[in-house]
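Below are the chains, spelled out letter by letter.
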Amino acid sequence: MSRPRVWTRDLGMGTRFAFGGGREGWIRTLLTGVGVGLGVALLLISTAIPGALTARYERGDARSTMHSDTADAPGPDTLLYARIGQTYQRKDIEGHVLRAEGPHAPLPPGLKKIPGPGELALSPALDRLLKSSEGALLRERLDGPVSEIVGDQGLVGPGELLFYLGSDTLTKNGPDDHRVERITSFGYETDRDTLDPVLMLMVVLTFVALLMPVAVFIATAVRFGGERRDRRLAALRLVGADSRMVRRIAAGEALAGSVVGLVLGTGFFAVGRSLVGSVSLRQRSVFPADLDPAPWLAALVAVAVPAAAVAVTLFALRGVVIEPLGVVRTAKPSRRRIWWRLLLPLVGIGLLLPMGGRGNNHGRFNQWQVSGGVALLLIGITVLLPWLLERFVGKTAGGPVSWQLAVRRLQVDSGGAARLVNGIAVAVAGAIALQMLFAGVEGDYTESTGQDPSRAAVAVLANRASDARVDDLARRIASVQGVTRAVALTSTQAAHGMPAEEDTIQVTVGTCAALGEVATLDSCKEGDAFVLTGPSSTGIYGGTAKPGEELFVGNVRRYASEPDDRPGPVKWQVPAGARTVPAREDPSGALRTGLLVTPSVAPKELGDFPDAKVFVQVDESGPDALDRARNAVFEADPLVTAMTLRHSTQAAGFSSIRTGLFFGAAAVLVLIGGSLFVSQLEQLRERRKLLSSLVAFGTKRSTLSLSVLWQTAVPIVLGLVLAAAVGTSLGAVLMSMAAQPVRIDWPSVLGMTGVGAGVVAAVTLLSLPPLLRMMRPDGLRTE
Amino acid sequence: MTAAPAGSLLAATGLRKAYGSTDALDGAEFSIHAGEVVAVMGPSGSGKSTLLHCLAGIVPPDSGSIVYAGRELTSMNDGERSELRRTEFGFVFQFGQLVPELTCVENVALPLRLTGVKRKEAERTALHWMEQLQVEDLGAKRPGEISGGQGQRVAVARALVTGPRVIFADEPTGALDSLNGELVMQLLTEAARSANAAVVLVTHETRVAAYSDREIVVRDGRSRDMERIV
Amino acid sequence: MSIGHTLLGLLEAGPRHGYDLKRAFDEKFGHDRPLAYGQVYSTMSRLLKNGLVEVDGIESGGGPDRKRYAITDAGITDVETWLSQPEKPDPYLHSTLYTKVVLALLTGRRADELLDTQRAEHLRLMRVLTTRKRKGDLADQLVCDHALFHLEADLRWLELTAARLGRLAEEVRR
């Protein structure tokens, strides 16, 4: 027979064994399949993610106006455009207001026509939100008729909340009216910047850290049912199969399991893909269609996984002699040597260390060097653990009988035990390193804003509001149900002469109540004025003035390019009775300088104030007050921004990633726990007779149960210790790469090792009922 | 139900035990004196192993009475019976009883270790018994490295190591050839006699039963004491 | 058992008196049935006649019992031939036991009990043989083992017969 035919025949026979072995054969094959399948699904996702990210970016770019062509004057192809992002119930809503100035105005992607005045074009998710009871208050804000639903090509993700509002009142008064833009096209073409190096590091690391245990697990999964298979192979030798044939048959069994795994994995991936559209993680969502693995990568996975399964089996059987009467592990396995085992992680660290500190100054990481280093470090665990376990059980002698039984068992087969635990150790180490990195980077982003939401929940920012309009806005907001207070502050700049000196003076106008938000006032009545002390803030307003001085107020920095259609600066005298008072942080955390004046003594005829703020305090007991206030703001002027004040910025989205990572790693651990359990059962069944006879001569059941516990716990504890050590050092190296101060994230170390310990406990607990069953005297019956 | 013969070390009357719907024991009786070797014979499936398991306190009978040295086994809980098995009884089975990972001397020392004897001392006592069974050279070997006959002798040494008063042997020569079977029986009965231990010997081989002082036959769950009949 | 060949074999170790021969025979082979003097003399005279033994010497004081016999070359060859030839397989029908089992089954009695009783009787003898074996030398062990295996074989045959006939009887009665 030709070689390929021999292979086909033997692999085929192995496949039949994989499926034809009765219930147990099926369970074993299925378990292998699930293990391999999860790995395959992960592989497919990781091959699909680059494409998905690219698709997102492309659509985001297509509707961007950041670098759009602009026009100075209205024309047939111009569109007035402003972003009016909204917040509703802690959700951010992307909003745009549009006004076509001619028949050929550019159309945003995903729209069929520009919405008419007051009309809305909604993303499907926003449409759903508005139609739901949850969106009742938002409906009051976005109350226009819906002209159309934005098509997918105009959305970054399926869960995106987005609207386009048509307008006939939007105007652009001048080039520095920067809220409104006059554009002639959407989108721009750029070479997308490469990812932020730290982000890139995280992405690479996540894949390496998640794929490594999967690879280790696949390698373990194809060895499920090893002892039983050994016996079957021995039987095949007895009826005349030669040693190469049985190896091929064994490979065939593994092949069958991995093919089942491929099918299951594709299924898992398809299910996950269809679910992904309905999942929003911190308001980010992915179109299922975007999650499309590159065909050649998918093909590679489909070929590589079964090939790897066959290779792993053949490799695992290299030290095994399958004789007709049983399987013999080659003589005495040579004592494990340490030097090359240490070499792997050391080379890994050697690859990573030179890249320290590059994350900060936008240096680049060599992706191959990073993944290579991380992979070597993690593989280092799988080669160090068997050595460590051998050393550990080799040295242990004393202890109670249960300990002796377990340790002796491990001495005989430390490799097998280590193999099972390797996956757990690699997963835990990777997860700890990632958690450390995420926690470190997260610390960077979770910073106090200095904002004080107890003084004001919302700061309404308006550009170019006349004082009358600001007062009107404040009154409107104050009348909203649930709003307890709304105070308005407008400010403009002043200078001692024209042209203005370098540090202009900030002049803030407001009622006594409003001024009290920015300064500590002992007393205040209409007609008062104050000079602020306190550190000069950075920015354009650095100067101050003395009472009685004459100043130019208003448009003190006139730009030469500006068309001169706005009122110029006016002369104004600082009231002589102005008292000096200390400045106080306003609710948004800002510290003002310059002058504070009440309206009656404020400079007049200034036109629009360049800056106006309304601080809004709401009754926290009513959950809707905030959104009612926002509604009122939007109704008054959609271009006005309502900023929600918070104590601290949110954890930059990492908390959910970290939670996801934790559960992902926990799932891998549970899966590996499952395989531990299966091999434990197999071993127990094999020892049924022995267990019964041990019980017969009076061994306590607790002794035997404990020995089962030790047998699982010793390798896992060693594995977890090693994993914690490697994980924290990897985490430390990675943090130094990301230019983060190194600090160990104990909760994640303890959490992951805790899950590992939980897996041991669960495996032991689950093994107890079959153990107790097998200790019954039935096992003593002679066959 | 007849009373147990006076002066017996271990005696059972009216033993019944059913596994599911089949009666393994149906009113079996048994008695043995100290230092006596009693063979339990009968065709396979007759209930002789079940009788041994009941007598040794491995399984509790459904009904009936088992008295060992004046104590009623059936009213003991599992812990008490386990302790009895550890300290007063010894066991030899057909095969599969040695822990493959432990060395021979550790296997022999195991019952002592279970009763709390220190490792060194337990292994010293174990070596003494291995000498009696002529397997002292095998101490450092693992069960997988020795022959079946040597393994059985190691098992016999293990059964004797705690100085038990009753040894239960269930087909101890079942997996051995004639020569090794003879050797094991000779060493077992001699060692038991010199230690004044009683031996309950379950076997279907008459030649093995010939090492006993008397035999009882179990048939369909009922026992016949052949000494009283003949 | 061929007494002639056995006595010839004993003579191979060296010349002996007739009386010594009987003693050695009884000791080694005749545990159950000691050899009669007459049988020794008649056998020896037959062997003498056939030239397989010769008279080595006669002790003073005369009498037929004082003769010392030695084996001849022809005698050695004869022993060799005997040892190298297999015995004719004996069907070894244990006719009495067989008759008992068949009779028991035919008359509706339990063959089991007959068997148990017979085994007990066999065991009684086997115990004696086992004890002798344990206390004796190698020759004792060999001889006892032979007897033990035969007795065991009897019992096993009996058990099998009882089981088979029992089933047969059940089928017949049904």
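Just above, that's the structure.
This report concerns the structure included in the present document. Note that the structure is a prediction, hence the values are computed from the model and not measured.

Definitions and cut-offs
For every chain, the first residue of its written sequence is number 1, and the numbers climb from 1 along that sequence. The lettering of chains begins at A and the numbering of ligands begins at 1, in the order of writing. Local features in a predicted model are, by the rule used here, given only for residues with pLDDT of at least 70; side-chain atom pairs are given and counted only at 80 or more, and totals for whole chains, interfaces and linings are based on all residues. Where side-chain values are given, they derive from all heavy atoms of the structure, hydrogens and water being excluded. Note on aromatic contacts: the rings of Phe and Tyr and the six-membered ring of Trp form a pair at centre separations within 6.5 Å, being stacked when their planes are under 30 degrees apart, edge-to-face when over 60 apart, and tilted otherwise. Only protein chains enter the area calculation, which uses a 1.4 Å probe; residues under 20% of their type maximum are buried, those over 50% are exposed, and those in between are partly exposed. In this description a helix means any DSSP run of H or I spanning at least four residues, a strand means any run of E spanning at least two, and both kinds are numbered starting from the N terminus. Disulfides are defined in this document as cysteine sulfur pairs within 2.5 Å. When DSSP finds two or more bridges between two strands, those strands count as paired. A fitted line through C-alpha atoms serves as each axis, taken over the contacting stretch for helices, and the angle formed by two N-to-C directions is quoted from 0 to 180°. Should any heavy atoms of two residues lie within 4.5 Å, those residues are counted as being in contact. Here the quantity called buried area is the total loss of accessible area, with a 1.4 Å probe, experienced by two parts when brought into contact, counted for both. Think of a salt bridge as a Lys or Arg side-chain nitrogen and an Asp or Glu carboxyl oxygen that are within 4 Å of each other. Contacts described as polar in this section are N or O atom pairs within 3.5 Å, which, within protein, must combine one atom able to donate a hydrogen with one able to accept it, while residues neighboring in sequence count only if both atoms come from side chains. Ten residue types, Ala, Val, Leu, Ile, Met, Phe, Trp, Tyr, Cys and Pro, are classed as nonpolar, four, Asp, Glu, Lys and Arg, as charged, and the remainder, Gly among them, as polar. The set of buried Ala, Val, Leu, Ile, Met, Phe, Trp, Tyr and Cys residues whose side-chain atoms join them within 4.5 Å is what this entry labels a nonpolar core. An angle below 35 degrees is treated as roughly parallel, one above 145 as roughly antiparallel, one from 65 to 115 as roughly perpendicular, and anything else as oblique. It is the rotation of the near helix from the far one that decides the hand of a crossing: anticlockwise by less than a right angle makes it left-handed, clockwise makes it right-handed.

Further remarks concern the packing of aromatic side chains. Residue and element names in this part refer to chain B. All chains considered together, the criterion is met by eight aromatic pairs over all chains. Ring centres of Phe-91 and Phe-93 lie 5.9 Å apart, and the angle between their planes is 15°; on these two criteria the pair is classed as stacked. Both residues of the pair, Phe-91 and Phe-93, count as buried. Where Phe-91 meets Phe-168, the ring centres are 5.5 Å apart and the plane angle is 20°; that geometry is what we call stacked. Note that Phe-91 is positioned in strand 6 (residues 89-92) and Phe-168 in strand 7 (residues 166-170), a separation of 77 residues in sequence. A single burial state applies to Phe-91 and to Phe-168, both of which are buried. The rings of Tyr-68, Phe-89, Phe-91, Phe-93 and Phe-168 are connected pair by pair, giving a single aromatic cluster.

Residue and element names in this part refer to chain A. As enumerated under the stated definition, the model contains one disulfide over all chains in all. Between the sulfur atoms of Cys-512 and its disulfide partner Cys-524 the distance amounts to 1.9 Å. Measuring handedness by torsion sign, the sulfur bridge of Cys-512 and Cys-524 sits at about -75° and is left-handed. Of this pair, Cys-512 sits in helix 14 (residues 512-515) while Cys-524 is found in the loop between helix 14 and strand 13 (529-533), placing the two residues 12 residues apart along the sequence.

The next point concerns the sheet that holds strand 9 (residues 214-219) of chain B. All names here are of chain B. Taken together, the six strands give an open sheet; going across it, the order is 6-7-8-3-9-10, and neighbouring strands pair in mixed fashion. In the strand order of this sheet, the two ends are held by strand 6 and strand 10 (222-225), each with one partner. The mean angle between the axes of side-by-side strands here comes to 20°, regardless of whether they run parallel or antiparallel. Contacting strand 6 and strand 7, helix 5 (residues 148-160) crosses the sheet at an angle of about 170° to strand 6.

On to the interface of chain C and chain B. When the parts of a complex come together, some accessible area is lost, and that lost area is often used as the size of the interface. Across the boundary between the two partners, chain C contributes 20 residues, which contact 22 residues of chain B. Carbon and sulfur atoms supply 52% of the area that chain C and chain B bury against each other, a total of about 1,800 Å² over both sides. Looking only at chain C, the three residues that lose the most surface to chain B are C:Asp116, C:Arg127 and C:Arg134, adding up to 33% of its buried area. On inspection of chain C and its partner chain B, the count reaches six salt bridges. One salt bridge connects B:Arg224 with C:Asp116, and the closest N-O pair in it is separated by 2.9 Å. For the interface between chain C and chain B, the tally reads seven residue pairs in polar contact (both at pLDDT 80 or more). For the side of chain C that touches chain B, the secondary-structure elements that each account for two or more residues are helix 6 (111-135) and helix 7 (138-173) of chain C. Split by residue class, the side of chain C that touches chain B holds seven nonpolar, two polar and 11 charged.

Here we come to the nonpolar core. A:Leu352, A:Leu378, A:Ile381, A:Ile424, A:Val428 and A:Leu730 are the most contacted members of the largest nonpolar core, which totals 56 residues. Only helix 5 (197-221), helix 10 (367-395), helix 11 (401-412), helix 12 (414-445), helix 16 (654-686), helix 18 (701-737) and helix 19 (746-774) of chain A provide two or more residues apiece to this core. The contact partners of A:Val428, leaving out residues within four places of it in the chain, are A:Leu669, A:Leu720, A:Ala723 and A:Met752. Core analysis: the second largest hydrophobic core is formed by 50 residues, A:Leu690, B:Ala12, B:Leu84 and B:Ala198 among them.

Quick look at the interface of chain A and chain B now. Listed as interface residues are 28 residues of chain A and, on the opposing side, 28 residues of chain B. Overall, the association of chain A and chain B removes approximately 2,600 Å² of surface from exposure, summing both partners, and the carbon and sulfur fraction of that is 59%. It is A:Gln404, A:Arg408 and A:Phe697 in chain A that bury the most area against chain B; as a group they hold 23% of the surface buried on that side. Our count for the chain A to chain B interface comes out at two salt bridges. Between B:Asp78 and A:Arg701 there is a salt bridge, with the nearest N and O atoms lying 3.6 Å from each other. Linking chain A with chain B are six residue pairs in polar contact (both at pLDDT 80 or more).

Bringing the pattern of salt bridges into the picture now. Applying the stated rule across the entire model yields 35 salt bridges over all chains. Put simply, A:Arg63 and A:Glu160 hold a salt bridge, and the shortest N to O gap is 2.5 Å. Within this pair, whereas A:Arg63 is found in the loop between helix 2 (22-62) and strand 1 (79-83), its partner A:Glu160 is found in the loop between strand 5 (146-149) and strand 6 (162-166), the two being separated by 97 residues in sequence. Neither residue differs from the other here; A:Arg63 and A:Glu160 are each classed as buried. Salt-bridge contacts for B:Glu36 lead to B:Arg214; the nearest nitrogen and oxygen are separated by 2.6 Å. Of the two residues, B:Glu36 is situated in the loop between strand 2 (22-32) and strand 3 (37-41) and B:Arg214 in strand 9; the sequence distance between them amounts to 178 residues.

All right, on to the pairing of strand 2 of chain B then. Residue and element names in this part refer to chain B. Alignment of strand 1 (residues 10-19) against strand 2, held across eight bridges, turns out to be antiparallel. Looking at the pairing, Tyr-19 lines up with Thr-22 of strand 2. In textbook terms, the turn of a hairpin is the stretch between consecutive antiparallel strands, and for strand 1 and strand 2 this stretch comprises two residues, one of which, Gly-20, has a positive phi near 65°.

Right, let's talk about the packing of helix 11 of chain A against helix 18 of chain A for a bit. The relative placement of two packed helices is expressed as an angle between their axes plus a distance between the axes. All names here are of chain A. One way to put it is that helix 11 packs onto helix 18 with a least axis distance of 8 Å and a crossing angle of 45°. Between helix 11 and helix 18, the interaxial angle falls into the category oblique. Helix-helix and strand crossings are classified by hand; for helix 11 and helix 18 the assignment is right-handed. Across the interface between the two elements, Val-401, Ser-402, Trp-403, Leu-405, Ala-406, Arg-409 and Leu-410 from helix 11 touch Thr-703, Leu-704, Leu-706, Ser-707, Trp-710, Gln-711, Val-714 and Pro-715 from helix 18. When the residues that make up the contact of helix 11 with helix 18 are grouped by side-chain class, the tally is 10 nonpolar, four polar and one charged.

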